[in-house]
Amino acid sequence: MVISGGGSKGAFAGGLAQYLIEEAKQSYSLFLGTSTGSLLVSHLAGNEIASIKDAFTRVTQEKIFSNSPFIIKQSGKLVKTKINHFNVVKNFLNGKKTFGESKNLRKLLARHFDLSLFESLKASHKEVVVCVSNFTLNKVEYKTLSECTYDDFLDWIWVSCNFLPFMSLVVKNRFEYADGGFGCIIAIEEAIRRGATEIDAIMLTTEVQQLNRMRSRNAFDVVLSTLDFMGDQIIQDNIKVGMLLAKEKGVKLRLFYTPKVLTTNSLIFDREEMEKWWQEGWCHAQDQITLNNPA
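Residues numbered from 1 in each chain as written. Predicted model: local features only at pLDDT ≥ 70, side-chain atom pairs only at ≥ 80, totals over all residues. Heavy atoms only, no water.

### Notes on the overall build of the protein
Basically, it comes down to this: The secondary structure listing takes helices from DSSP runs of H or I that are at least 4 residues long and strands from runs of E that are at least 2 residues long, numbered from the N terminus. It is over C-alpha atoms that the radius of gyration is taken, and the globule rule equals 2.2 Å times the number of residues to the power 0.38. Burial classification: accessible surface area is computed with a 1.4 Å probe over protein chains only, and a residue below 20% of its type maximum counts as buried, one above 50% as exposed, and the rest as partly exposed. In what follows, residue pairs with any heavy atoms lying within 4.5 Å of each other are defined as contacts.
Assigned secondary structure in the protein consists of eleven helices and ten strands. Since a compact globule built from 295 residues should have a radius of gyration of about 19 Å, the 18 Å found for the protein is in line with a globular shape. Projecting the C-alpha coordinates of the protein onto the three principal axes gives extents of approximately 55 × 40 × 35 Å. Across the 295 residues in the protein, those meeting the buried criterion constitute 51%. A fraction of 76% describes how many contacts in the protein between residues 6 or more apart in sequence connect residues 24 or more apart.

### A few points about the nonpolar core
As a reminder of what qualifies: Think of a nonpolar core as a cluster: buried Ala, Val, Leu, Ile, Met, Phe, Trp, Tyr and Cys residues, connected wherever their side-chain atoms sit within 4.5 Å.
Ranked by internal contacts, the top residues of the largest apolar core, which has 63 residues, are M1, L44, F113 and F153. Once you skip the residues sitting within four places of it in the chain, L44 turns out to touch M1, I3, A17, I21, F31 and I49. Counting 23 residues, the second-largest nonpolar core is a separate cluster that includes L32, V129, C184 and A196.

### Overview of the pairing of strand β8 (residues 175–179)
Condition: Think of it this way: DSSP has to see at least two bridges between two strands before they count as a pair.
Relative to β8, strand β5 (residues 127–134) runs antiparallel, the two being bridged by three bridges. The residue bridging S133 from the neighbouring strand is A178, located in β8. Between the end of strand β7 (residues 170–172) and the start of β8, which pair antiparallel, lie two residues, with N173 showing a positive phi angle near 55 degrees.

### Looking at unusual backbone geometry
A cis amide bond links L164 to the next residue, P165, at an omega of 5 degrees. With respect to the helices and strands, the residue P165 is situated in the loop between α8 (150–161) and β7. You will see that N47, though not glycine, has its phi angle at about 55 degrees, which is positive. One can find N47 in the loop between α2 (36–45) and α3 (49–57). One non-glycine residue, N138, lies in positive phi territory at about 60 degrees. Counting through the fold element by element, N138 comes out in the loop between β5 and β6 (139–144). Using a relative accessible area of 69% as the deciding quantity, one classes N138 as exposed.

### Here we look at α2
Extensive coverage of α2 is indicated by the burial of ten of its ten residues. Among the residues of α2, those classed as buried are T36, G37, S38, L39, L40, V41, S42, H43, L44 and A45. Looking one or two residues beyond α2, the residue adopting positive phi is N47, at roughly 55 degrees.

### Here's the deal with the confidence of the model for the protein
Should pLDDT be low for a region, the predicted coordinates there are not to be read in detail. Applied cut-off: On a scale of 0 to 100, pLDDT captures the predictor's confidence in every residue.
Averaged over every residue, the pLDDT of the protein is 91; the share at 70 or more is 93%. The least confident element of the protein, judged by mean pLDDT, is strand β4 (residues 78–83) at 74; the most confident is strand β1 (residues 2–3) at 98.

### Thoughts on the packing of aromatic side chains
What counts here: Ring pairs shown here join Phe, Tyr and Trp side chains whose ring centres sit within 6.5 Å, with only the six-membered ring taken for Trp; geometry is labelled stacked below 30 degrees between planes, edge-to-face above 60, and tilted in between. Remark: a charge is flagged as sitting over a ring if the NZ atom of Lys or the CZ atom of Arg is within 6 Å of the ring centre and within 35 degrees of the ring normal.
The tally for this structure, following the rule as stated, stands at 16 aromatic pairs. When the ring of F163 is compared with that of F166, the centres are 6.4 Å apart and the planes differ by 25 degrees; the resulting orientation is stacked. Judged by relative accessible area, F163 falls into the buried class, the value being 19%. Members of the aromatic cluster, each reached through a chain of ring pairs, are F65, F70, F92, F99, F135, F163, F166 and F182. Over the face of the ring belonging to W156 we find K143, whose NZ or CZ atom lies 4.3 Å from the ring centre.

### Observations regarding the environment of V241
Mapping V241 onto the fold places it in helix α10 (residues 219–249). Overall, V241 belongs to the partly exposed group, its relative accessible area being 37%.

### Some thoughts on a positive patch on the surface
Spelled out, the test is: The patches described consist of residues with a relative accessible area above 30% and no salt bridge, like charges being joined within 9 Å and nonpolar side chains (Val, Leu, Ile, Met, Phe, Trp, Tyr) within 5 Å. Only the protein chains shown count as covering a residue, and every accessible area follows the Shrake-Rupley method with a 1.4 Å probe. For salt bridges, the criterion is a side-chain nitrogen of Lys or Arg within 4 Å of an Asp or Glu carboxyl oxygen. The sign given to each residue is positive for Lys and Arg and negative for Asp and Glu; His and the chain ends receive no count. All charge positions are set by atom: Lys at NZ, Arg at CZ, Asp at CG, Glu at CD.
On the surface, a cluster of positive charge is made up of K63, K96, K103, K107, R111 and R271. A per-element tally of the positive patch places helix α6 (residues 103–112) first, with three residues. Among the secondary structure elements, R271 is positioned in helix α11 (residues 271–292).

Written out as structure tokens, the structure reads:
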């Protein structure tokens, strides 16, 4: 199982994966995740789905950010987001290099991914891998649970989720690290390189572009639109390479996309929305499996 990055949209991937594992009875020996996907894969591998569902559907901005760079205002169903200039300036005055800090997410990880789950996975035949971007060496790295200590692996999951410039830039082993999605949003190629012969890949985007962006209203919109544009190009490249390699190697590849645009800002963590997306992911998997395997 391979799960892409996508911030709060990870709730959709969680519901979809839950259906594949619990209802479709799919068994996986290799789990790879990037960014929000890295938050899911360990619990999915350990069959701790109820625990990770609880975490995803109860998360808030405060549980992610120790210093949030956003001001979020909601008027009915319309959500407006702008930069919190006070918090950004405070971050810079404290010697930080990013607009915000996500240290609360690291604490949240420690509460939901305990040592017993880590040890049980290490003793199992299953392999869990997370993708990170090494900015110092200018390359993508894949961190394997079986080769890490507990604290190190928690760090790598956290690193994989840190979407710059809004979250923490992490210095580890003297290198600067950030979100794996800057280099590889969906690690299909890496799964094949590790010997996968059948892959279910969950993409947290629509298969065909369904969104034309509105004109930017402020600096925050410009930065987010720029990063989204770059991410879309990386996604397309990842999928093209993955599909070509799968065909060349005779690998059975199933791609699952979101059927609609879930959000235009995946850094907003709304509990109500994420609970709804989890259920939508479950239902979408059911529809896709039924469609492709009619009675």
